[in-house]
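Structure at a glance
Listed here are the chains, written in short residue letters.
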Amino acid sequence: MSTAPEPEPRAPRPALVFDDPLDQQSSDDTDRGWGERTDSGGAADLKRFLDEKPPHHL
């Protein structure tokens, strides 16, 4: 009598999640998601001002 090899156990399928996606915070909901700098202070504020200054403000 030949015995068939046992099939390998499958990984469990991910469960369906019916949560409201708007209840979760996205990266855009934070300052970091918008590229805000976390450092602050005199020198950091001056550097940011000079980096983001429009060209017509010389």
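Everything below is about the structure shown above.
This write-up is about the structure you can find in this document. (Residues numbered from 1 in each chain as written. Predicted model: local features only at pLDDT ≥ 70, side-chain atom pairs only at ≥ 80, totals over all residues. Heavy atoms only, no water.)

1. Re the overall build of the protein
When helices and strands are tallied, the protein shows 1 helix and 0 strands. Residue burial in the protein is summarised as follows: out of 58 residues, 0% are buried. By element, 55% of the accessible surface of the protein is carried by carbon and sulfur atoms, the whole surface being about 6400 Å². (Helix = DSSP H or I, 4+ residues; strand = E, 2+ residues; numbered from the N terminus. Buried < 20%, exposed > 50% of the residue type's maximum accessible area, 1.4 Å probe, protein only. Areas by Shrake-Rupley, 256 points an atom, 1.4 Å probe, with all protein chains shown as cover.)

2. Observations regarding the pattern of salt bridges
Counted according to the given criterion, the structure contains 2 salt bridges. A salt bridge links Asp51 to Lys47; the nearest nitrogen and oxygen atoms lie 3.0 Å apart. Of this pair, Asp51 and Lys47 both sit in helix H1 (residues 42–52), 4 residues apart, which is roughly one turn of that helix. Given a relative accessible area of 43%, Asp51 falls into the partly exposed group. (Salt bridge = Lys/Arg side-chain N within 4 Å of Asp/Glu carboxyl O.)

3. Structural notes on a nonpolar patch on the surface
A surface patch of nonpolar side chains, about 320 Å² in accessible area, is lined by Leu46, Phe49 and Leu50. Mapped onto the secondary structure, Leu46 falls in helix H1. What makes Leu46 partly exposed here is its relative accessible area of 49%. (Patch = residues over 30% accessible without salt bridge, like charges linked within 9 Å, V, L, I, M, F, W, Y side chains within 5 Å.)

Read these as geometric descriptors, not functional statements.
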